[in-house]
Amino acid sequence: MLEKHQKAPLFSSKNQFNETVNLSDYLGKKNVVLYFYPKDDTPGCTIEANQFTQLAREFAKADTVVIGVSKDSCASHTDFIKKFDLKVDLLADVDGELCESYGVWQEREKNGVKSMAILRSTFIINKEGVLVDAAYGVTPEGHAQDVLDKVKNL
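Small disclaimer: the values here were computed from a predicted structure and weren't measured. (Residues numbered from 1 in each chain as written. Predicted model: local features only at pLDDT ≥ 70, side-chain atom pairs only at ≥ 80, totals over all residues. Heavy atoms only, no water.)

## Notes on the pairing of strand β7 (residues 113-118)
How we decide: In this scheme, strands are said to pair when DSSP sees at least two bridges between them. Every helix listed is a DSSP run of H or I at least four residues long, and every strand listed is a run of E at least two residues long, numbered separately from the N terminus.
The pairing of strand β6 (residues 105-110) with β7 spans 6 bridges and is antiparallel. Within β7, the position partnered with Gln106 by the bridge is Ala117.

Right under this line is the structure:
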């Protein structure tokens, strides 16, 4: 698992428009909030995406871009964004490489059955590419506001 003050793992992944997004695109220019969530259009993930969307202008004022990541496809992300009028980019980590590099692909147990899944997690990366916050196992409700409060203190 990643920790504060270490370099954020570089990434290159397709967004909802099938365009490649790289962490290096933002280095020296913007802070990045990279949040990982289990699945498009599910209750907790919808709450989280909607709350980040509600605060999108505030994040922009704080020189910060918000990017969501799941293993869903670009097409699934497009549908999710359209359905809820989301104002965040969503990366399609279909091969799981990005999830692995950030340590969010973990075993979980639900109803006595073990399986692998994305652990809802958020990383705040400053303009120098350093992790200023690494939060694993976050709760969706109110999380976006907590992240914004941290970003405003950068």
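## Regarding the state of the cysteines
Here is the idea: a disulfide is a covalent bond, and it sits between the sulfur atoms of two cysteines. Rule in force here: The disulfide criterion used throughout: a pair of cysteine sulfur atoms within 2.5 Å. Throughout this description, buried means an accessible area under 20% of the type-specific maximum (1.4 Å probe, protein chains only), exposed means over 50%, and partly exposed covers the range between.
Taken as a whole and assessed by the stated rule, the structure comprises 0 disulfides. This cysteine, Cys45, is not joined by any disulfide, and Cys99 carries the nearest cysteine sulfur, 12 Å off. A relative accessible area of 0% means that Cys99 is categorised as buried.

## Things to note about the sheet that holds strand β9 (residues 131-136)
Rule in force here: A fitted line through C-alpha atoms serves as each axis, taken over the contacting stretch for helices, and the angle formed by two N-to-C directions is quoted from 0 to 180°. We call two residues contacting when some pair of their heavy atoms lies within 4.5 Å.
Reading across the sheet, the 7 strands line up as β2-β1-β5-β4-β3-β8-β9 and stay open at both edges, with mixed pairing between neighbours. Since the sheet does not close on itself, it has two edges, and those belong to β2 (20-22) and β9, each with one partner. Each strand axis lies, on average, 30° off the axis of its neighbour in the sheet, ignoring direction. Here helix α1 (residues 43-54) sits on the sheet and contacts β3 (31-36), β4 (64-70) and β8 (121-125); the angle it forms with β3, its principal contact strand, is near 165°. Contacts from helix α3 (residues 74-84) reach β1 (12-15), β4 and β5 (89-92), with the element oriented near 155° to β5.

## Brief notes about the pairing of β4
This is how it is decided: The crossover handedness rule: strands pointing away from the viewer, path from first strand over the helix to second strand clockwise, crossover right-handed.
Counting buried positions along β4 gives 7 out of 7 residues, so the element sits mostly inside the fold. Residues of β4 alternate between two faces, with Thr64, Val66, Gly68 and Ser70 on one and Val65, Ile67 and Val69 on the opposite face, all of them buried. Judged from the 6 bridges that link them, β3 and β4 form a sheet pairing that is parallel. Paired with Leu34 across the strands is Ile67, a residue of β4. Crossover handedness for the path β4 to α3 to β5: right-handed.

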